[in-house]
Amino acid sequence: MMDMVKSLLEENGYPTEGLTEETNFESLGVDSLGLVDLTLSLEQKGYTIPEEKLSEIKTVGDLLRVLGGNA
Amino acid sequence: MNWQLCEKTFAIVGSGDIGKATARALEQEGAKAILLSRKSEHCLDVTDEESFKQYGSWSKILDGLVYTAGITVDKPVGLLTLADWQRVIETNLTGAFLTAKHFYMALKPNSSVVFLSSIVAQWGNIGQAAYSSSKAGLEALMKTLAKEWARKGIRVNAIAPGLVNTKMTTELPQMVVDGFTQHTLLKRLAEPEEVANVICFLLSPLSSFMTGQVIYVDGGFFTA
């Protein structure tokens, strides 16, 4: 799942060097609109992120946990 | 002039006279034009969100998107029913919103989106409360999208023609057509191809520093 998030970030033009679960999206330059773009990319891959969960996603680990709940 | 459109792919929503003229102009430039409408091979009903889902897997394949779908119900406000109002808003404005929402992921970075507005968005017009309001809303939608999508280099603009020689115009009372023509510096209607040419310019990299704009293709209507 971490690889998928990494490739998702790369596809959307964000840096992924040294990416860990603790990496904060803000530090990668992902703002609220960027996060929406990431969730739309995820939707195309078959994952749904409920809108109310979006504000809870601050780190890569947060996203992985939400995605884990999807699986 | 080289429009730099060759081998690019564009989706055109709405297969009215302006949509078809745009598709022809793009194809003449060597581009691929995908017409989407209820009557096209690529079927799309802009009033039905379900209809968009068949295109949900399109990812970064479009160099541009044009929204030309539109209808009008022309009556003075006193005679306009809620159903009339809703029908026009649903196609002209809500359909544009759904198109933007569902085709966003299909757009490549640095692509271009063009909405077909009208001079009545700013001018208003007797008997066109629903149509002019829908087009004014469309221009606000365009400006919002220009702001939201600039981060990906996606440009979003609108063109606002005056009266164009289309099927929709032939349904207007002659008196209305004559009134518009008299008020237009060039004293005639636009041909669909003249509108399509400006759409092609906005789709082309030749307009690469233009976004959030409404371009008037009005024969001098607003200057008169």
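Before reading further, recall that the structure is shown in the block above.
Below, the structure is looked at part by part. From a predicted model like this one, the values you see are computed outputs, not experimental measurements. (Residues numbered from 1 in each chain as written. Chains lettered and ligands numbered in written order. Predicted model: local features only at pLDDT ≥ 70, side-chain atom pairs only at ≥ 80, totals over all residues. Heavy atoms only, no water.)

1. As for the packing of helix 1 (residues 17-28) of chain B against helix 7 (residues 192-203) of chain B
All names here are of chain B.
No. 1: Two elements in contact, helix 1 and helix 7, have axes whose closest approach is 8 Å; the angle formed by their N-to-C orientations is 60°. Considered as vectors, helix 1 and helix 7 are oriented oblique to each other. Note on packing geometry: the crossing formed by helix 1 with helix 7 is right-handed. Judged by residue contacts, Asp17, Ile18, Ala21, Thr22, Arg24, Ala25 and Leu26 of helix 1 engage Pro192, Glu193, Val195, Ala196, Ile199, Cys200 and Leu203 from helix 7.
No. 2: Each residue belonging to the contact of helix 1 with helix 7 can be placed in one class, and the counts come to 10 nonpolar, one polar and three charged. (Axes fitted to C-alpha atoms, helices over the stretch in contact; angles between N-to-C directions. Helix = DSSP H or I, 4+ residues; strand = E, 2+ residues; numbered from the N terminus. Parallel < 35°, antiparallel > 145°, perpendicular 65-115°, else oblique. Left-handed = near helix turned anticlockwise from the far one by under 90°. Contact = heavy atoms within 4.5 Å. Nonpolar A, V, L, I, M, F, W, Y, C, P; charged D, E, K, R; others polar.)

2. Quick notes on the packing of helix 1 (residues 2-11) of chain A against helix 2 (residues 32-44) of chain A
All names here are of chain A.
No. 1: In contact at an axis separation of 10 Å, helix 1 and helix 2 are set at 120° when each is read in the N-to-C sense. Viewed along their axes, helix 1 and helix 2 adopt a mutual orientation that is oblique. The chirality of how helix 1 crosses helix 2 is right-handed. Judged by residue contacts, Met4, Leu8 and Leu9 of helix 1 engage Leu38, Ser41 and Leu42 from helix 2.
No. 2: Class assignment of the residues belonging to the contact of helix 1 with helix 2 gives a composition of five nonpolar, one polar and no charged.

3. Looking at the environment of B:Ser133
No. 1: You can see B:Ser133 is positioned in helix 4 (residues 129-149).
No. 2: Apart from the residues lying within four places of it in its own chain, the contact partners of B:Ser133 are B:Trp85 and B:Gln128.

4. Some points on the interface of chain A and chain B
A common way to express how large an interface is: the accessible area buried when the components associate.
No. 1: At the junction of the two partners, chain A supplies 10 residues and chain B supplies 10 residues.
No. 2: The junction of chain A with chain B conceals about 750 Å² of combined surface from both sides, 43% of it contributed by carbon and sulfur atoms.
No. 3: It is A:Leu33, A:Asp37 and A:Gln44 in chain A that bury the most area against chain B; as a group they hold 63% of the surface buried on that side.
No. 4: Counting across the interface, chain A meets chain B through two salt bridges.
No. 5: Of the charged contacts in the structure, one is a salt bridge between B:Lys152 and A:Asp37, with a shortest N-O distance of 3.8 Å.
No. 6: At the surface where chain A touches chain B, the tally comes to five residue pairs in polar contact (both at pLDDT 80 or more).
No. 7: Among the elements that line the side of chain A that touches chain B, the one with the most residues is helix 2 of chain A, at six residues. (Buried area = accessible area lost by both parts, 1.4 Å probe. Salt bridge = Lys/Arg side-chain N within 4 Å of Asp/Glu carboxyl O. Polar contact = N/O pair within 3.5 Å; in protein donor to acceptor, adjacent residues only side chain to side chain.)

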